[in-house]
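Remarks on the overall topology
Below are the chains, spelled out letter by letter.
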Amino acid sequence: MNVDTEHAPRTSAPAAAQPIVDVRRTRRVPGWAAPAVVAVLLLSLPFSTLSLPGLFEGTLNSPSTLHLLATCLVFGGLATSYDLLYGRVGLLSFGHALYFAAGAYLAALLMWTLELPLLWSALIAVVSGTALALVLGAISLRVSGIALAMVTLAFAQAGSILVIRDPGRMTGGEEGLALNPDTVPGAFIGVVNTVNLYWLAVGYVVVAVGVVWWLGATPVGRVWQGIRANEQRVSVLGVNPYPYKLAAFTVAGALASLGGVVYLLVSGGVTPAITTAEFTLTLLVMVSLGGAGTRWGPLLGAVVYTYVDHRLLQLAASDVFDTLPAVVRAPLSQPLFILGTLFVLLVFFFPGGLTALPGRIRAALRGRGRAAAAS
Amino acid sequence: MSTVVLLVVTGLGLGALYFLIASGLSLIFGLMDVLNFAHGAFLSIGAYATWWASGHLPGAGSDGFGFLVSVAFGVAAGTLAATLVELGVIRPLYGRHREQILVTVGLSLAVPALIQAVWGADPLTFPRPELVSGTVSLLGAAIPTDRFLLIAVAGLVLAGLLLFGSRTRYGLIVRAGVEDRAMVTALGIDVRRSFTLVFAIGGAAAALAGALGGLYFGVVTPFQGTSLLIFAFIVVVIGGTTSTVGCAVASVAVGMVQQFANYYTVAGLGDIAVVIVLAAVLLTRQGGLAGATAGRVA
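Residues numbered from 1 in each chain as written. Chains lettered and ligands numbered in written order. Predicted model: local features only at pLDDT ≥ 70, side-chain atom pairs only at ≥ 80, totals over all residues. Heavy atoms only, no water.

Next up on the list: the overall build of chain B. Broken down by element type, chain B carries twelve helices and four strands. In terms of principal-axis extent, the alpha carbons of chain B reach across some 55 × 50 × 35 Å. Put simply, chain B has 298 residues, and 57% of those count as buried. A total accessible area of about 11500 Å² is found for chain B, and carbon and sulfur atoms account for 68% of it. In chain B, which carries 13 positive and 11 negative side-chain charges, the distance between the mean positions of the two groups comes to 10 Å. (Helix = DSSP H or I, 4+ residues; strand = E, 2+ residues; numbered from the N terminus. Buried < 20%, exposed > 50% of the residue type's maximum accessible area, 1.4 Å probe, protein only. Areas by Shrake-Rupley, 256 points an atom, 1.4 Å probe, with all protein chains shown as cover. Lys, Arg positive; Asp, Glu negative; His and termini not counted. Charge placed at Lys NZ, Arg CZ, Asp CG, Glu CD.)

Shown next as structure tokens:
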């Protein structure tokens with residue numbers, strides 16, 4: 001909803017020059033069609049024995065492919081939750097990793113120390129992660145803009161230090177924590193059951209995307225839109241932006257900590273890599289890659305990014321890489337170098353991300369067609 | 001007593017390091033509304049350029065005048081990098097604060113990774129001049145000499161920045177631009193030129209922090225700048241202002257808190273204590289930064 005109104009001026013201006021029939025034809029597709037198609041595709045994937053040699057190593061329903069897809073989907077849901085802050089409310093947080101890590105680490109810790117079953121561990125972890133987001137959000141949102149970015153980063157860094165320094169030998173330090181197999185139902189353990197983890201990841205994406213879309217369509221979502229466009233104007237209208245921003249921060253934190261629990265199950269453990277500032281920056285890259293503030297952008301960006309990242313790692317381990325000269329190979333072997341360079345290129349050459357690409361291509365083609373007609 | 005003296009001087013030394021990074025950061029932040037993540041990269045460039053010069057550059061070395069040449073080379077490299085970054089990627093995105101931040105984020109990831117690709121991830125031993133390698137006895141405490149060097153250099157930079165701000169025409173433009181950029185632009189003064197200047201000054205200070213950080217830690221690593229940068233961010237927020245003096249006060253406070261908490265509690269808790277101070281400052285005195293930037297930030 002958010003996006004429709006937002007893009008309306010941009011698309012309607014060129015559309016005015018087009019025959020009216022075109023506009024009507026696009027309107028006839030109902031709003032639930034795209035989500036339904038995507039859902040059917042996602043749900044049918046594990047039943048397909050299709051083999052896509054260039055894209056995936058095994059068939060679509062092989063455990064390795066399903067595991068990769070599940071990871072892509074978890075990050076897709078997480079990026080959608082991050083975009084709730086960044087794309088929809090315009091809050092630049094550099095500490096989203098903290099809530100994701102809180103969910104994953106707390107669940108893992110509860111399973112090991114108290115030997116709580118999965119459901120209870122997950123519940124307590126998500127509730128605690130949400131409470132953490134509420135408290136830290138209440139403090140951080142006292143400043144806005146760039147100062148908010150710095151403060152959220154500082155809190156997340158404190159969490160990261162806590163995890164890595166490992167007080168009381170609980171978090172496993174650099175090693176991280178493995179999933180405690182005794183407290184997890186057998187259906188989520190083992191390579192044979194990868195399909196169940198895939199279903200879990202699909203469920204998480206549905207929840208994350210559903211919550212973000214639904215909230216965007218409510219009156220709260222309209223205030224968020226207003227805050228993003230001009231916070232001062234919202235407060236002049238007599239609406240205090242603070243509780244709305246805090247609500248967004250808390251919901252995003254809750255979705256992130258839920259994602260952390262799912263990630264713990266999918267990857268079979270947790271490492272401090274997901275606590276770092278780089279991890280939040282990766283989310284920012286995913287969202288920007290897909291298109292911030294759009295319906296599908298964060299999900300699409302995260303899936304594409306995670307997939308490409310995975311393939312690059314595979315490529316780096318293969319022989320193809322060794323034939324390259326050292327000048328090229330050395331930087332390419334640094335994932336952060338690729339990430340950073342990608343980021344700079346994105347900002348300059350893909351403003352709006354992947355979801356804006358069809359519109360840009362169409363506009364370019366139309367421009368060319370018009371030039372041809374004029375000459 | 002001697003422990004306290006040692007902690008105070010060491011905290012001041014660390015604060016000096018933070019000040020060198022944070023002063024440029026807060027100037028860039030105040031003038032351009034850019035949260036410059038690439039600042040840590042300038043620090044790493046400065047540190048590695050100094051390290052490289054002391055081994056490879058003719059006339060440079062690890063002692064006496066040679067070390068000065070090395071540091072000068074490091075600072076020059078940092079300044080050049082900052083100028084190129086401003087002209088190459090920040091200026092084309094003029095007025096688009098969010099994109100400017102994103103670009104510096106990209107650089108902050110790419111540059112240290114590139115350094116790591118060339119020189120490896122392992123810490124490199126930093127050249128240490130004879131003059132500052134021993135300890136000095138002060139009130140019964142044996143204090144590493146390099147701490148005094150750090151404090152002295154930071155003091156000089158503070159004085160230099162204050163003189164630049166109060167005595168030069170460009171300083172006046174920068175100060176006015178930090179206050180109200182729109183007004184300065186409306187008066188027909190090209191603020192963009194002072195953007196480049198501020199970026200260059202910030203890069204120079206960060207590179208100097210890199211060289212001195214090498215002395216402080218004894219080693220250089222590719223991602224040293226990134227971790228120091230986070231504390232510099234905290235300093236800028238606690239400073240609550242874009243003023244250079246506020247930045248200096250906050251730097252000292254953060255350095256002290258970190259040293260004392262690290263010594264009297266478990267090591268590593270100092271970093272967390274700093275974040276707690278940050279939370280306390282935000283809770284007790286809202287305003288400051290928020291008051292100055294509300295409504296015009298990304």
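With that out of the way, let us pick up the environment of L60(A). Residues and elements named next belong to chain A. With respect to the secondary-structure elements, L60 resides in the loop between α3 (33–44) and α4 (63–89). What makes L60 buried here is its relative accessible area of 7%. Considered as a pair, L60 and G210 are 150 residues apart in the sequence and their alpha carbons are 26 Å apart.

Our focus in this paragraph is a nonpolar patch on the surface. A cluster of nonpolar side chains, namely L300(A), V304(A), V308(A), L312(A) and L315(A), defines an oily patch on the protein surface of about 340 Å² accessible area. With respect to the helices, strands and loops of the structure, V308(A) is situated in helix α13 (residues 297–317). (Patch = residues over 30% accessible without salt bridge, like charges linked within 9 Å, V, L, I, M, F, W, Y side chains within 5 Å. Salt bridge = Lys/Arg side-chain N within 4 Å of Asp/Glu carboxyl O.)

Glancing now at the confidence of the model for chain A. Residues and elements named next belong to chain A. When pLDDT is averaged across chain A, the result is 82; 87% of the residues are at 70 or more. Taken element by element, chain A is modelled with least confidence in helix α1 (residues 2–15), mean pLDDT 41, and with most confidence in helix α11 (residues 241–267), mean pLDDT 94. Contacts of residues 1–24 to residues separated by more than four positions or lying in other chains number 14 contacts, the stretch itself having pLDDT below 50. (pLDDT = per-residue confidence, 0-100. Contact = heavy atoms within 4.5 Å.)

The side chains of a regular strand alternate between both faces of the sheet. All names here are of chain B. Residues A141 and I143 point to one face of strand β3 (residues 141–144) and are all buried, whereas A142 and P144, pointing to the other face, are not buried. Taken together, the four bridges between strand β2 (residues 135–138) and β3 define a ladder with antiparallel strand orientation. Residue pairing across strands places S137 opposite A142, the latter belonging to β3. Between the end of β2 and the start of β3, which pair antiparallel, lie two residues, with L139 showing a positive phi angle near 50°. (Pairing = 2+ DSSP bridges.)

What follows concerns helix α11 (residues 269–284) of chain B. With 16 residues, α11(B) should reach 22 Å at 1.5 Å per residue; the first-to-last C-alpha distance of 22 Å fits that figure. Listed as buried for α11(B) are G270(B), D271(B), I272(B), A273(B), V274(B), V275(B), L278(B), A279(B), V281(B) and L282(B). (Expected span 1.5 Å × (residues − 1).)

The next subject is the packing of aromatic side chains. Both the distance between ring centres and the angle between the ring planes are used here to describe each pair of aromatic rings. Residue and element names in this part refer to chain A. All told, the structure shown has 20 aromatic pairs over all chains when counted by the stated rule. An angle of 85° between the planes, with centres 5.8 Å apart, marks the rings of Y99 and F249 as edge-to-face. Here Y99 is found in helix α5 (residues 96–113), whereas its partner F249 is found in helix α11, with 150 residues between them in sequence. For Y99, a relative accessible area of 4% gives the class buried. A relative accessible area of 2% places F249 in the buried class. (Phe/Tyr/Trp six-rings, centres within 6.5 Å; stacked < 30°, edge-to-face > 60°.)

Moving on: helix α8 (residues 191–217) of chain B. All names here are of chain B. Taking 1.5 Å of rise per residue, the 27 residues of α8 would be expected to cover 39 Å, and the 38 Å separating its terminal C-alpha atoms lies within 8% of that figure. The buried fraction of α8 is high, at 22 of 27 residues. Of the residues flanking the start of α8, the one acting as N-cap is D190, its side-chain oxygen 3.1 Å from the backbone nitrogen of R192. Two residues or fewer after α8 comes G218, characterised by a positive phi angle close to 85°. (Polar contact = N/O pair within 3.5 Å; in protein donor to acceptor, adjacent residues only side chain to side chain.)

Further remarks concern the environment of V69(B). For V69(B), the location among the structural elements is in helix α3 (residues 64–90). Spatially, the C-alpha atom of V69(B) lies 8.1 Å from that of S54(B), the residues being 15 residues apart in sequence.

In this section: the confidence of the model for chain B. Averaged over chain B, the pLDDT score is 82; the fraction of residues at 70 or greater is 93%. Here the predicted complex scores 0.82 on pTM and 0.78 on ipTM.

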